[in-house]
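Chains, contacts and geometry: an overview
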Amino acid sequence: MNSSLSPCKAVLQGGLSPAALGELMPMFLWLDRHGVICAAGPTLMKILGPGPVVGTAFETHFHLRRARARRHEQDEAHPGGRKLILMLLSHPEIGLRGTAVEVGPEGAEGMLLNLTFGIHLADAVREFGLTEGDFATSDLAIELLYLREAKAAVMDELRALNGRLEEARRAAERQALTDPLTGLANRRAFDAALQKAVRAQAHGGAPFALVLVDLDHFKQVNDHMGHAAGDQVLNWASAILAQEVRRGDVVARAGGDEFVLLLRGAIDRAALQTLGRRMIARLEEPCVVDGTPCRISASIGIAFSRDYPEPEVDRMLADADAALYEAKRSGRGRCSIHAAGAVA
Amino acid sequence: MYGLINKALQAFLVENYGPALWSRVAHALGVGPEGFEAMLRYEDRLTEELIDIAARTLDKPRAALLEDVGAFLTTIEPLRRLLRFGGSDYWEFLFSLDELQGRGLMTLPDLELPELSLRSESGGRFVIEVRGPIAGWGAVMAGLLRAMADDYGALVLIEAVPPCGRLERVQVMLLEAAYASGRRFDLALPSAEAVA
């Protein structure tokens with residue numbers, strides 16, 4: 001600091017050397033009345049360097065983005081305090097803010113600025129390799145950097161925890177809606193899908209068919225070959241039903257040897273009848289369990305949403321059930337569609 | 001209590017003794033092998049039981065086990081960094097211990113860290129008084145302070161004084177604050193690793 005010594009002298013007269021000033025405010029900047037830097041704190045020297053700093057003009061290092069008188073300082077009797085927002089020309093992404101006060105009568109000795117990085121702290125620390133010693137003890141910079149990392153660590157943990165909880169929630173939901181033996185939807189999932197289809201229908205949604213499938217002669221398989229064989233047959237039948245429907249349809253195991261299907265999209269009675277017969281035909285093919293062919297069949301009862309001015313879940317279930325009963329009564333291995341307008 | 005403490009014990013056991021040992025401890029404790037979630041809260045007695053079961057399983061005195069845990073904590077890089085914010089050398093770090101509990105609370109407003117109070121005695125001798133919600137924090141601190149001395153490159157002698165009631169003491173003899181170069185610590189991480 002060998003040029004423009006006069007303001008520094010003034011400070012020395014007050015008993016405060018630039019070194020002491022730098023100890024208190026490592027980012028102070030002293031400008032003479034022409035805007036030439038005549039002293040700077042050690043941290044600011046580090047940032048503005050390694051080229052010459054003292055003796056150079058303020059504008060060669062900074063761009064003044066905003067300057068505003070501090071409200072309580074607008075009083076004429078107390079001149080000085082101005083809030084500044086600066087940008088470092090060498091690092092435009094790093095903003096600085098600070099306060100400027102006039103030194104000497106009417107600023108005869110220039111201006112004293114005390115600067116800080118504000119929210120750009122971490123960038124500046126990284127960019128200029130600043131250490132703890134570059135900040136005043138009274139500065140909260142270290143605490144801010146500490147908090148930033150502590151917060152990041154906590155956020156990482158919480159994010160990971162949320163991910164695991166969400167995964168667990170989905171697994172639980174899947175489990176709650178899946179039949180464990182066959183992997184098909186369960187009754188609960190089916191009821192929800194049926195409710196949704198009925199509601200959608202009321203709002204002009206696509207028509208749908210409710211199909212009840214009851215395996216015939218399954219009890220004999222279970223009784224003669226054991227439950228393990230019975231389970232194999234149920235899985236085999238589930239696979240056939242799943243293959244016969246389209247994407248977007250729902251196949252569920254309602255319990256025991258009963259299945260329920262929700263068929264959506266462009267369907268009519270003839271197509272339903274064909275589909276029902278094809279399912280029965282495939283279920284009547286022998287299923288080989290442990291080398292022994294098992295023979296079952298199925299009865300099917302169907303209710304079609306188009307047959308109702310306003311479909312209702314319970315009504316349709318009752319009608320499909322009546323159709324199923326009809327199929328069973330007329331000799332099993334049949335598909336019966338509830339007649340429009342008929343009372344179950 | 002936050003699962004953070006239990007999770008640290010779990011990580012210590014898995015890293016140092018393998019997942020099989022952890023599974024045994026978890027089983028004896030009655031928790032699943034997935035163990036603890038850092039940010040969920042668990043009953044305090046689980047932590048006590050976890051320490052006892054681990055000490056029994058490893059056939060190690062409780063204090064020795066907890067000293068190892070303390071040293072292990074400093075190998076968790078984010079935690080090591082948070083500790084290094086305490087000061088630029090070991091001497092400053094020791095003085096920052098008074099604020100450790102406060103710093104913890106700044107991070108998580110209900111984090112139960114022990115209350116530490118540093119007493120400076122003559123000839124580079126310090127006594128740290130530890131009052132924690134769980135007995136054994138003194139041993140954890142002894143291990144942690146020893147490992148942090150290595151991290152700072154300081155030469156120290158550390159000894160856990162046998163506890164008297166709820167109050168535990170750790171004695172630190174600082175022989176040389178800058179004995180070796182220590183491990184690097186930058187106040188801000190390089191951008192790529194920085195906070196996302």
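Our subject in this report is the structure included herewith. (Residues numbered from 1 in each chain as written. Chains lettered and ligands numbered in written order. Predicted model: local features only at pLDDT ≥ 70, side-chain atom pairs only at ≥ 80, totals over all residues. Heavy atoms only, no water.)

Some remarks on the packing of aromatic side chains
Taken as a whole, this structure holds 12 aromatic pairs over all chains when the rule is applied. A centroid spacing of 5.0 Å and a plane angle of 25° characterise the contact between A:Phe58 and A:Phe62, whose relative ring orientation is stacked. We classify A:Phe58 as buried; its relative accessible area is 9%. When the ring of B:Phe12 is compared with that of B:Phe72, the centres are 5.7 Å apart and the planes differ by 70°; the resulting orientation is edge-to-face. Separated by 60 residues along the polypeptide, B:Phe12 in helix α1 (residues 3-17) and B:Phe72 in helix α4 (residues 62-73) bring together distant segments of the chain. Of the two residues, B:Phe12 and B:Phe72, neither departs from the other in class, the shared state being buried. Members of the aromatic cluster, joined through ring pairs, are A:Tyr146, B:Phe85 and B:Phe185. (Phe/Tyr/Trp six-rings, centres within 6.5 Å; stacked < 30°, edge-to-face > 60°. Buried < 20%, exposed > 50% of the residue type's maximum accessible area, 1.4 Å probe, protein only. Helix = DSSP H or I, 4+ residues; strand = E, 2+ residues; numbered from the N terminus.)

Details of the sheet that holds strand β7 (residues 208-216) of chain A
Residues and elements named next belong to chain A. Reading across the sheet, the five strands line up as β8-β9-β7-β12-β13 and stay open at both edges, with mixed pairing between neighbours. Where the open sheet ends on each side, the last strands, each with one partner, are β8 (250-255) and β13 (335-337). On average, each strand axis in the sheet is tilted by 20° relative to the strand beside it, whichever way the strands run. Where β8 meets strand β9 (residues 258-264), five bridges bridge the pair, whose relative direction is antiparallel. Paired with Arg253 across the strands is Phe259, a residue of β9. Seen against the sheet, helix α8 (residues 227-244) touches β7, β8 and β9 and runs at an angle of roughly 10° to β9. (Pairing = 2+ DSSP bridges. Axes fitted to C-alpha atoms, helices over the stretch in contact; angles between N-to-C directions. Contact = heavy atoms within 4.5 Å.)

What about a positive patch on the surface?
All names here are of chain A. Among the surface-exposed residues, Arg65, Arg66, Arg68, Lys83 and Arg97 lie close enough to one another that they form a single positively charged patch. The biggest single contributor to the positive patch is strand β3 (residues 62-69), with three residues. Look at Arg66 and you get exposed, because its relative accessible area is 52%. (Patch = residues over 30% accessible without salt bridge, like charges linked within 9 Å, V, L, I, M, F, W, Y side chains within 5 Å. Areas by Shrake-Rupley, 256 points an atom, 1.4 Å probe, with all protein chains shown as cover. Salt bridge = Lys/Arg side-chain N within 4 Å of Asp/Glu carboxyl O. Lys, Arg positive; Asp, Glu negative; His and termini not counted. Charge placed at Lys NZ, Arg CZ, Asp CG, Glu CD.)

Some words on a nonpolar patch on the surface
Residues and elements named next belong to chain B. Taken together, the side chains of Leu155, Leu157, Leu175 and Tyr179 make up a nonpolar region of the molecular surface, amounting to roughly 400 Å² of accessible area. Within the element layout of this structure, Tyr179 appears in the segment after β4 (167-176). Given a relative accessible area of 52%, Tyr179 falls into the exposed group.

What to know about the layout of surface pockets
Volume-wise, the second largest pocket comes out at about 390 Å³. What lines the second largest pocket is a set of 19 residues, and nearest its centre among them are A:Glu132, A:Thr137, A:Glu143, B:Gly86 and B:Glu92. For the lining of the second largest pocket, the secondary structure elements donating two or more residues are α5 (141-177) of chain A together with α6 (90-96) of chain B. Tallying contributions element by element places α6(B) first for the lining of the second largest pocket, with four residues. Of the residues in the lining of the second largest pocket, the class split is seven nonpolar, six polar and six charged. (1 Å grid on protein atoms, 1.4 Å probe; cavity = no way out; pocket = protein on both sides within 12 Å on 5 of 7 lines; lining within 4 Å. Points joined across faces, edges and corners; volume = space filled by probe spheres on them. Nonpolar A, V, L, I, M, F, W, Y, C, P; charged D, E, K, R; others polar.)

Notes on unusual backbone geometry
All names here are of chain A. Note the cis peptide between Gly49 and Pro50, where omega equals 0°. Notably, His217 is not glycine yet its phi reads approximately 65°, a positive angle. Note that His217 resides in the loop between β7 and α7 (218-225). The phi torsion at Asp290 lies on the positive side, around 50°, for a residue other than glycine. Mapped onto the secondary structure, Asp290 falls in the loop between β10 (287-289) and β11 (292-294).

Some points on the pairing of strand β1 (residues 115-120) of chain B
Residue and element names in this part refer to chain B. With six bridges connecting them, β1 and strand β2 (residues 125-131) associate as antiparallel partners. The residue of β2 that forms the bridge with Ser117 is Glu129. In textbook terms, the turn of a hairpin is the stretch between consecutive antiparallel strands, and for β1 and β2 this stretch comprises four residues, one of which, Gly123, has a positive phi near 65°.

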